[in-house]
Amino acid sequence: VLEARIGATTLAASGEIDPEDAVLPAEGNLRLVSPDLSRFAALLGQPLAGRLELDLAGAAKLRGDAFDMTFDLDGTAVRSGIVALDRLIAGDLSVAGSAALTAQALDLRYFKFNSPQLRANVAGAGPGQPVNLSARLSDLALLTDSISGPAEIRGTVTLNDRLARNVKGALD
């Protein structure tokens, strides 16, 4: 177990690794809570603000190419200092995902991004199966001055090889 604190920001992590196994299997959990991102603004050279909480759990073969991970990230009043990103986040966000790389295929179980301005969802049906995706932007004017109004996209993506280097997509 590892615990660290920088000001009010806390990090707690636990895990195991088997050094006797040739593929170095590892598993663990991590939790990060930062109630005031502005404390890191000078370090990163960006005017950061807001609160973030991150939970990550996973397992991997460090000398192999397999993993299984899940994460949840929640932010309140978040500001990155990157204008385009801050427009999309609009202060609050929730991001979650789960994926695994097995001996057979990449399994994108889910990815969800929600903010007041943007919603994006990815949902898989199992390793090697098509992945459904959808996204909705509240107003295109957040990205460009030449178009306004909401935009929505739906479709499927098929990962045609184990490492998703060959991808085929279709929009509905």
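So, how was this worked out
- Residues numbered from 1 in each chain as written.
- Predicted model: local features only at pLDDT ≥ 70, side-chain atom pairs only at ≥ 80, totals over all residues.
- Heavy atoms only, no water.
- 1 Å grid on protein atoms, 1.4 Å probe; cavity = no way out; pocket = protein on both sides within 12 Å on 5 of 7 lines; lining within 4 Å.
- Points joined across faces, edges and corners; volume = space filled by probe spheres on them.
- Nonpolar A, V, L, I, M, F, W, Y, C, P; charged D, E, K, R; others polar.
- Salt bridge = Lys/Arg side-chain N within 4 Å of Asp/Glu carboxyl O.
- Helix = DSSP H or I, 4+ residues; strand = E, 2+ residues; numbered from the N terminus.
- Buried < 20%, exposed > 50% of the residue type's maximum accessible area, 1.4 Å probe, protein only.
- Pairing = 2+ DSSP bridges.

Caption draft 1: Broad picture of empty space enclosed by the protein. Summed over all chains, the structure comprises one cavity of 30 Å³ or more. If you add up the space inside the largest cavity, you get close to 30 Å³. Per-class residue counts for the lining of the largest cavity are four nonpolar, three polar and one charged.

Caption draft 2: Seen up close, the pattern of salt bridges. Tallying each qualifying case throughout the model produces seven salt bridges. For Glu53, the salt bridge is made with Arg31, and the minimal N-O distance between the two is 2.9 Å. Residue Glu53 is located in strand E4 (residues 49-61), and its partner Arg31 is located in strand E3 (residues 25-34); the two are separated by 22 residues in the primary sequence. For Glu53, a relative accessible area of 23% puts it in the partly exposed group. According to the relative accessible area criterion, Arg31 is partly exposed, its value standing at 33%. Between Glu152 and Arg154 there is a salt bridge whose closest N-O contact spans 3.0 Å.

Caption draft 3: Fine view of the layout of surface pockets. A volume near 170 Å³ is recorded for the largest pocket. Together, 13 residues line the largest pocket, and Glu27, Gly28, Asn29, Leu56 and Gly58 are the ones closest to its centre. Every element with two or more residues in the lining of the largest pocket is listed here: E3 and E4. Of the residues contributing to the lining of the largest pocket, the split by class is eight nonpolar, four polar and one charged.

Caption draft 4: Quick peek at the pairing of strand E6 (residues 91-101). Most of E6 sits out of view: nine of its 11 residues are buried. The pairing of strand E5 (residues 66-79) with E6 spans 10 bridges and is antiparallel. Across the sheet, Asp72 pairs through a bridge with Ala96, a residue of E6. Between E6 and strand E7 (residues 106-114), which pair antiparallel and follow one another directly, the connecting turn spans four residues.

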